[in-house]
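The primary structure of each chain is shown beneath.
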Amino acid sequence: MHSDTKNIAWAFFLNLTFTIIEFIGGVLTNSTAIMADAIHDLGDSLSIGLAWLLSHIGKRPSDHQFSYGYRRFSLLGAVVNGLVLLIGSAWVLIQAIPRLFHPEMPVVEGMFALAILGTVVNGYAAYKLSQGNTMAERMLNWHLMEDVLGWVAVLAVSVVLYFWHLPILDPLLSLGFTLFILFNVSKTLYQAVRLFLQAIPTEMDYQKIKQDIVALVHVNAVHHLHVWSLDGARNVLTAHIVMNDWVGVDEQREIKEQIRDYLADYNFEHTTIELEFADELCRDGEEQA
C-alpha cells in the first residue's frame, strides 16, 4: 500500500472507531456538545473513507480510458472533502450560536475523559496525514486538525467547568476554533478547486519557465506551453518549441537534452515537447492569448 493511501486508511479507522465511542459517550454524559461533535465526526469518517477510496483508485496506472492515470481522483476527493468540511463547520456554527444565549451544563467528568481520548486519537491521525504531500492528505489533515482543536477546547472547558459554573465557555470556544478552521480550509479548498480546473500550480513561475526555454540555444519561441497538476503533488508540462533555424538530428537531440536538464528541477511527472521549424505551420493553430 502506498504511503499516502496507508496514512488515509489509518485516519479513517481511527476516526470511525472514535466516532462510535463518541456516540456512546455522548449518551452516557448527556452532553449535546459531544453528540453534535459525534455527528460531525461521522461526516468526517465518511469523507475520509471517500478520500481513501479515491486515493486507492488514483494509484491505478494509465489505461485506454485515463491516459494520464487516475491521480486526479485524489484531487476530486480533496474538493469534496473541502466542501463537506465547510458544510460541517457551518452546521457547528448554527448549533453553537444559539447556545450563547441558552448555555447548558454537561457532565464535566465525562467530557474530560472523552476530551483526552479525542485529542490523542485525532492528534495521532492528524500527525500521520501531516507527512503527506497530496492535496487530499492536506485537506483531510484540516478535517482532523479541526477535531483536535475541538477536543482541546472541550478539555479546557471541562477543566474550567469543574471549578466554575461558566457553561457559556463551550459555545464560545466552539465558535473560535470553527472560524479558524473555516479560514484555513477556505484557502486550501480554493487551491484544490484551482488545480481541479487545471490552473497553473502556485509554486510554478509560468513566465520564467517560458523565458528560460526561449533563452536556450537554437530556440526562437515557445507556444502552447501548458502546466497543470494531477493531484497537487505531481505536475505535467506540454510545449511547442520553435527553433530559430533549420537544425539537424544532432542539434534537435541537443535541444531536447537541454530542455530535459532544465525541467529536471521542477520534478514533472509528465513532459511532452514538440519541436517546430521556424517556417513550419503549427498543426494546433495559433495559441489564444
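Everything discussed here concerns the structure shown above.
Model, not experiment: these values are computed from the prediction. (Residues numbered from 1 in each chain as written. Predicted model: local features only at pLDDT ≥ 70, side-chain atom pairs only at ≥ 80, totals over all residues. Heavy atoms only, no water.)

A. Seen up close, unusual backbone geometry. Despite not being glycine, His218 has its phi angle at roughly 75°, a positive value. With respect to the helices, strands and loops of the structure, His218 is situated in the loop between α7 (206-214) and β1 (219-229). Its identity as a non-glycine residue notwithstanding, His224 has a phi of 50°, on the positive side. Locating His224 in the fold gives a position in strand β1. (Helix = DSSP H or I, 4+ residues; strand = E, 2+ residues; numbered from the N terminus.)

B. Layout of the nonpolar core. Ile209, Leu237 and Ile241 are the most contacted members of the largest nonpolar core, which has 20 residues in total. Contributions of two or more residues to this core are made by α7, β1, β2 (235-243), α8 (249-263) and β3 (268-276). Sequence-distant contacts of Leu237, that is, excluding residues within four places in its chain, are made with Ile209, Leu225, His226, Val227, Leu263, Phe268, His270, Thr271, Thr272 and Ile273. One finds Ile34, Ala115, Trp151 and Val154 within the second-largest nonpolar core, a separate group that totals 11 residues. (Core = buried A, V, L, I, M, F, W, Y, C linked by side-chain atoms within 4.5 Å. Buried < 20%, exposed > 50% of the residue type's maximum accessible area, 1.4 Å probe, protein only. Contact = heavy atoms within 4.5 Å.)

C. Just a negative patch on the surface, in detail. Together, Asp245, Glu251, Glu254 and Glu257 line one region of the surface with negative charge. Residue position: Glu257 is located in helix α8. (Patch = residues over 30% accessible without salt bridge, like charges linked within 9 Å, V, L, I, M, F, W, Y side chains within 5 Å. Areas by Shrake-Rupley, 256 points an atom, 1.4 Å probe, with all protein chains shown as cover. Salt bridge = Lys/Arg side-chain N within 4 Å of Asp/Glu carboxyl O. Lys, Arg positive; Asp, Glu negative; His and termini not counted. Charge placed at Lys NZ, Arg CZ, Asp CG, Glu CD.)

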